[in-house]
Amino acid sequence: EFLAIFRETIRDQKERLTEARERREEVIRERTEEWVVRSQRRGRWFDASAEAKKNFVYGADVDYALEKIEKQCRRLETLESFYNEQKTIFKGGGFESGIRL
């Protein structure tokens, strides 16, 4: 039962991570489209440089989200590793696999 709960937790975390990645990409797409509209409306005085576009599209919140996504990805890898170790222990009672309790 412990492994089933643990596996479900990992599945939920994977889903959340996927949703976070999708949302980040959605924000980037929306901002890229908004940048095009803004640059067309504002005319020549508008700073349409590549640096300005990067700052607008990949602002602090997008960078922050990426940082959290990467952290969650590492955490999930750790959980999966721990889950696999526990699965091995519970599967063989710890003795068949060479692991001593």
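Preceding block: the structure.
Rules behind the numbers
Residues numbered from 1 in each chain as written. Predicted model: local features only at pLDDT ≥ 70, side-chain atom pairs only at ≥ 80, totals over all residues. Heavy atoms only, no water. Salt bridge = Lys/Arg side-chain N within 4 Å of Asp/Glu carboxyl O. Helix = DSSP H or I, 4+ residues; strand = E, 2+ residues; numbered from the N terminus. Expected span 1.5 Å × (residues − 1). Buried < 20%, exposed > 50% of the residue type's maximum accessible area, 1.4 Å probe, protein only. Phe/Tyr/Trp six-rings, centres within 6.5 Å; stacked < 30°, edge-to-face > 60°.

Caption draft 1: Looking closely at the pattern of salt bridges. As enumerated under the stated definition, the model contains seven salt bridges in all. With a closest N to O distance of 3.5 Å, Arg24 and Glu25 form a salt bridge. Its salt-bridge partner being Asp61, residue Arg31 comes within 2.5 Å of it at the nearest N-O pair. Here Asp61 lies in helix H3 (residues 60–92) and Arg31 lies in helix H1 (residues 2–42), a separation of 30 residues in the sequence.

Caption draft 2: Region of interest: H1. Its 41 residues place the ends of H1 59 Å apart at the C-alpha level, agreeing with the 60 Å of an ideal helix rising 1.5 Å per residue. Along H1, the positions that sit buried rather than exposed are Leu3, Phe6, Ile10, Gln13, Leu17, Arg24, Val27, Ile28, Arg31 and Trp35.

Caption draft 3: Region of the structure containing the packing of aromatic side chains. Summed over all chains, the structure comprises six aromatic pairs. Measuring from centroid to centroid gives 5.0 Å for Trp35 and Phe46, while their planes differ by 50 degrees, and the two rings are tilted. Of the two residues, Trp35 sits in helix H1 while Phe46 sits in the loop between H1 and helix H2 (50–57), which places them 11 residues apart along the sequence. Taken together, a centroid distance of 5.6 Å and an interplanar angle of 40 degrees make the contact between Trp35 and Phe56 tilted. Taken together, the residues Trp35 in helix H1 and Phe56 in helix H2 connect sequence positions 21 residues apart.

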